[in-house]
Structure formats: C-alpha cells, structure tokens
Amino acid sequence: MKKLTAAIALIFSNDDWFNKILIGGFYISIVVTVVPIVMINGFIVEFMKSVMRNSKELPYWRNSKSIFKTGWKVSLALIFYYAAATLLLTLTGISVISVQTAVLFFILHTTLHPVILLAYAREQRFSICFNLSVIGTIVKEHWKDLVPALAISAALLFVAITLGWMWIVVGWPLLVFLALIVQNTMVVLSVQPHFLNHS
C-alpha cells in the first residue's frame, strides 16, 4: 500500500495534473482508433523515465512528437505479444472475441505490459522489449516488490474499468487513464533503488 500511496502522491504533486489526466482520458475514450494507444503508451513511458530521474513532472502532451516516437516503438512490441497470445488462443479453438480472450488480455496488461514499458524506459531501445533474458531478470530480482504492486494496480484498474461509469460517464476514461498511470508508477517505485542505480 505504501507504493500505491507514493504513486498517487507523486502524480497529484503536479500543479497541472488534472489537465494532463483529462487529455489522457480523451485518448482513452477514442482508443479504438489505434493512434491513442501509441500516445498513451508513450506518455506512460516518458513519465516512468521521469520518475527514474527522481522527477515528479508528468510529461507535457504538447511534446507529442517525443511521446509518439516512444509510444509507437513500445506499442509495436506489445502488439507482437498480444498477437502471439491471440494466435495461441485461436490454435486451442478459443474464439478471439470471448471472455477467455478478455481475461488473458487483462492479465497480460497487468503483468507483462508494465514490465515491458519499464524495460524500455530504462534502456530506451526497441530490441530490449524482446530480450526475455533482461525481462526475466527484472522479474526474478524484484518479484517480491513487483507482485504486490502489480496485484494492487490490477485491482485498481479492474475497478476503474468495471465501476468507473458510475462516477459520471465523462469521468470514466479519466479514471481508467489515472489507474494506468498509477499502475506503472508503482512498478517504477517497486524496483528502486537497485534497478535504477544499475541503469
């Protein structure tokens, strides 16, 4: 819970946090158009890099070129993993549009996804997203801190997705985006200080 409190405090310490979360919420609301996925991933990675530098600043959306440049790389890598998972489901006879697929994608999004973003945030190389040795080492060395952070953030994200609509429909995407930011901030905070000192 300390990581959750620290992550929320870090995000809300920004003077213009609401405006940045508002724009992120807008991207969430049109996420089916694909490009917003790139922007969201880019924004999150840029913030993770900022936290690694002991900065509290949320990225400025006006730096769209930088966010997009980061976002398309990690998004392309993540598409590979999600596509591989979809292919495996198809081979086992499970429909792509099914509860099983939704559950699998949620699990990937709350476990592998943040670790991939973390690895890229530190190394800033596209190839690192596919380096299973590095990814495995991160998990192996920090699982005691990562597992609780990922479990808490998964619960938070699940609540935001399933119950967020009760908090005004307009605010729903904002809550989901905020949950994503909290999730990945917790992941960064969970690997400090050892991981960051060896970057």
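In this report, we go over the structure that sits alongside the text. (Residues numbered from 1 in each chain as written. Predicted model: local features only at pLDDT ≥ 70, side-chain atom pairs only at ≥ 80, totals over all residues. Heavy atoms only, no water.)

It is worth spelling out helix H4 (residues 64-91) at this point. With 28 residues, H4 should cover 40 Å at 1.5 Å per step; its first-to-last C-alpha distance of 39 Å lies within 8% of that length. Phi turns positive one or two residues past the end of H4, at Gly93, with a value near 90°. (Helix = DSSP H or I, 4+ residues; strand = E, 2+ residues; numbered from the N terminus. Expected span 1.5 Å × (residues − 1).)

Once that is clear, we can look at the packing of helix H2 (residues 17-29) against helix H3 (residues 35-52). Running from N to C, H2 and H3 cross one another at 145°; their axes reach a closest spacing of 9 Å. Judged by the sense of rotation from one axis to the other, the crossing of H2 with H3 is left-handed. Contact residues: H2 offers Lys20, Tyr27 and Ile28, while H3 offers Pro36, Met39, Ile40 and Phe43. Classifying every residue of the contact of H2 with H3 by side-chain character gives six nonpolar, no polar and one charged. (Axes fitted to C-alpha atoms, helices over the stretch in contact; angles between N-to-C directions. Left-handed = near helix turned anticlockwise from the far one by under 90°. Contact = heavy atoms within 4.5 Å. Nonpolar A, V, L, I, M, F, W, Y, C, P; charged D, E, K, R; others polar.)

Now for the layout of surface pockets. As a volume, the largest pocket reaches approximately 790 Å³. Taken together, 26 residues line the largest pocket, and the ones lying closest to its centre are Val31, Ile37, Tyr82, His109 and His113. Secondary-structure elements contributing two or more residues to the lining of the largest pocket are H3, H4, helix H5 (99-110), helix H6 (112-123), helix H7 (132-163) and helix H8 (172-190). It is H8 that contributes the most residues to the lining of the largest pocket, six residues altogether. Each residue belonging to the lining of the largest pocket can be placed in one class, and the counts come to 20 nonpolar, six polar and no charged. (1 Å grid on protein atoms, 1.4 Å probe; cavity = no way out; pocket = protein on both sides within 12 Å on 5 of 7 lines; lining within 4 Å. Points joined across faces, edges and corners; volume = space filled by probe spheres on them.)

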